[in-house]
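# Per-entry structural report
Next come the chains, spelled out residue by residue.
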Amino acid sequence: MTAALVAGALAGYGIAVPVGAVATYLLSLSARTSLRTGAAAALGVATADGLYALLAAAGGSALAGLLAPITGPLRLASAAVLLALALRSTVAAVRAHRAGSGQDPAGEAPVGPGRAYAGFLGLTLLNPTTVVYFTALVLGSRTASAAPGRAEQAAFVLGAFAASASWQLLLAGGGALLGRVLAGPRGRLATALASGALVTVLAVRLLLPSS
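Residues numbered from 1 in each chain as written. Predicted model: local features only at pLDDT ≥ 70, side-chain atom pairs only at ≥ 80, totals over all residues. Heavy atoms only, no water.

## Points about the overall build of the protein chain
Heads up, the condition is: Per the convention used, a helix needs a DSSP run of H or I reaching at least four residues, while a strand needs a run of E reaching at least two, with both numbered from the N terminus. We call a residue buried when its accessible area falls under 20% of the maximum for its residue type, exposed when it is over 50%, and partly exposed in between, using a 1.4 Å probe and counting protein chains only. Any two residues whose heavy atoms approach within 4.5 Å are treated as being in contact. Using the Shrake-Rupley algorithm and a 1.4 Å probe, accessible areas are obtained, with residue cover drawn only from the displayed protein chains.
Check the secondary structure of the protein chain and you find nine helices and zero strands. Ordered by position in the sequence, the α and β elements of the protein chain form the string α-α-α-α-α-α-α-α-α. Buried positions account for 38% of the 211 residues belonging to the protein chain. A sequence separation of at least 24 residues applies to 87% of the contacts in the protein chain between residues at least 6 apart. A total accessible area of about 10600 Å² is found for the protein chain, and carbon and sulfur atoms account for 70% of it.

Here it is in structure tokens:
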């Protein structure tokens, strides 16, 4: 059971550590709002990773077969959501700067912990790479041994969730610190513009054919 927990933790870090579009937006959100909101968003990402780890551990090869026909649409949907987020955050930052405030402009609904959690949960669930990653790990482990029991599966999922949560919370804390360092209107505008540009580039990469 300990081995399954460690394997899940290593798997969770393996999918969470590479900084992609979701992590970039998490940093930006924490910098523009608060640590509480960033932490809620981080837990949304970790929850999605945990759910996909659970599906992979329980479903095995059948899950990979079911996902294959919709990988393309999921990739397109993920790219579209990321582009919309980049555009929204950039426009909001420019409006706030022109209004002479580092906060969200009037009429722009503030992002609270609940919205942040739900939004990042949904965004991460749109990423087919996560479930393919966990499924490949699970299938690979089953080639060398018998199928794990429910206790081992639960330990694997718990390890993956804990690892993902710890890394995402670290990113949220870094974003909150960045927000304090760049507390002025110009700093917030620069952060939002840089993040929007990077998220856009990463979203466009999702539309390119895999090498």
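## Overview of a nonpolar patch on the surface
The criterion, for reference: What makes a patch is a set of residues exposed beyond 30% relative accessible area and free of salt bridges, joined within 9 Å when like-charged and within 5 Å when nonpolar (Val, Leu, Ile, Met, Phe, Trp, Tyr). The rule for a salt bridge is simple: a side-chain nitrogen of Lys or Arg has to be within 4 Å of a carboxyl oxygen of Asp or Glu.
Among the surface-exposed residues, Leu43, Tyr117, Phe161 and Leu169 lie close enough to one another that they form a single nonpolar patch of about 290 Å² accessible area. For Phe161, the location among the structural elements is in helix α8 (residues 150–181). Overall, the relative accessible area of 30% leaves Phe161 in the partly exposed class.

## Let's talk about the packing of aromatic side chains
Where two aromatic rings form a pair, the distance of their centres and the angle of their planes describe that pair. Cut-off, in case you're wondering: Whether two aromatic rings pair depends on their centres lying within 6.5 Å, for rings of Phe, Tyr and Trp, where Trp uses its six-membered ring; planes under 30 degrees apart make the pair stacked, over 60 edge-to-face, and the rest tilted.
Counting across every chain of the model gives one aromatic pair. Arranged with centres 5.5 Å apart and planes meeting at 20 degrees, the rings of Tyr25 and Phe120 form a pair that is stacked. A residue pair is termed long-range when its members are at least 10 positions apart, and Tyr25 in helix α2 (residues 21–32) and Phe120 in helix α6 (residues 113–125) qualify at 95 residues. Of the two residues, Tyr25 and Phe120, neither departs from the other in class, the shared state being buried.

## A short note on α6
Put simply, the rule reads: Every helix has an expected span of 1.5 Å times one less than the residues it contains. Directions drawn from the helix axis to the C-beta atoms are what define this arc.
For α6, spanning 13 residues, the distance from its first C-alpha to its last is 18 Å, which sits close to the expected 18 Å at 1.5 Å a residue. Of all the positions in α6, only Ala116, Phe120, Leu121, Leu123 and Thr124 are classed as buried. Taken down its axis, α6 places every buried residue within 165 degrees of arc, on the same side.

## A closer look at α2
Given a rise of 1.5 Å per residue, 12 residues ought to cover 16 Å, and the 16 Å separating the end C-alpha atoms of α2 matches this to within 8%. The element α2 is largely enclosed, with a buried count of 10 among its 12 residues. Among the residues of α2, Ala21, Ala23, Thr24, Tyr25, Leu26, Ser28, Leu29, Ser30, Ala31 and Arg32 are the ones counted as buried.

## What about the nonpolar core?
Definition in use: Nonpolar cores were defined as sets of buried Ala, Val, Leu, Ile, Met, Phe, Trp, Tyr and Cys residues, with membership established by side-chain atoms within 4.5 Å.
Core analysis: the largest hydrophobic core is formed by 18 residues, its most contacted members being Ala21, Leu26, Leu29, Ala41, Leu82, Phe120 and Val199. Mapped onto this core, the elements with two or more residues apiece are α2, α3 (35–59), α5 (71–98), α6, α8 and α9 (185–207). In terms of residue count, the dominant contributor to this core is α2 (five residues). One finds Ala11, Ala53, Val157 and Ala160 within the second-largest nonpolar core, a separate group that totals six residues.

## Topic: the environment of Leu35
Mapping Leu35 onto the fold places it in helix α3. Linking Leu35 and Gly175, residues 140 residues apart in sequence, is a C-alpha distance of 7.8 Å. Discounting chain neighbours no more than four positions away, the residues touching Leu35 are Ala172, Gly173 and Ala176.

## Focus: the packing of α2 against α6
Which entries qualify depends on this criterion: Throughout, an axis means a line fitted to C-alpha atoms (over the contacting stretch in the case of helices), and angles, computed between N-to-C directions, take values from 0 to 180 degrees. By the definition adopted for this analysis, an angle is roughly parallel if under 35 degrees, roughly antiparallel if over 145, roughly perpendicular if from 65 to 115, and oblique otherwise. Less than a right angle of anticlockwise turn of the near helix away from the far helix marks a crossing as left-handed, whereas a clockwise turn marks it as right-handed. Amino acids are sorted into nonpolar (Ala, Val, Leu, Ile, Met, Phe, Trp, Tyr, Cys and Pro), charged (Asp, Glu, Lys and Arg) and polar (every other residue, Gly among them).
Put simply, α2 and α6 touch, their axes get as near as 11 Å, and they point 165 degrees apart. In terms of their interaxial angle, α2 and α6 are classed as roughly antiparallel. Crossing hand, α2 versus α6: right-handed. Of the residues in α6, those in contact with Val22, Tyr25, Leu26 and Leu29 of α2 are Ala116, Phe120, Leu123 and Thr124. Each residue belonging to the contact of α2 with α6 can be placed in one class, and the counts come to seven nonpolar, one polar and no charged.

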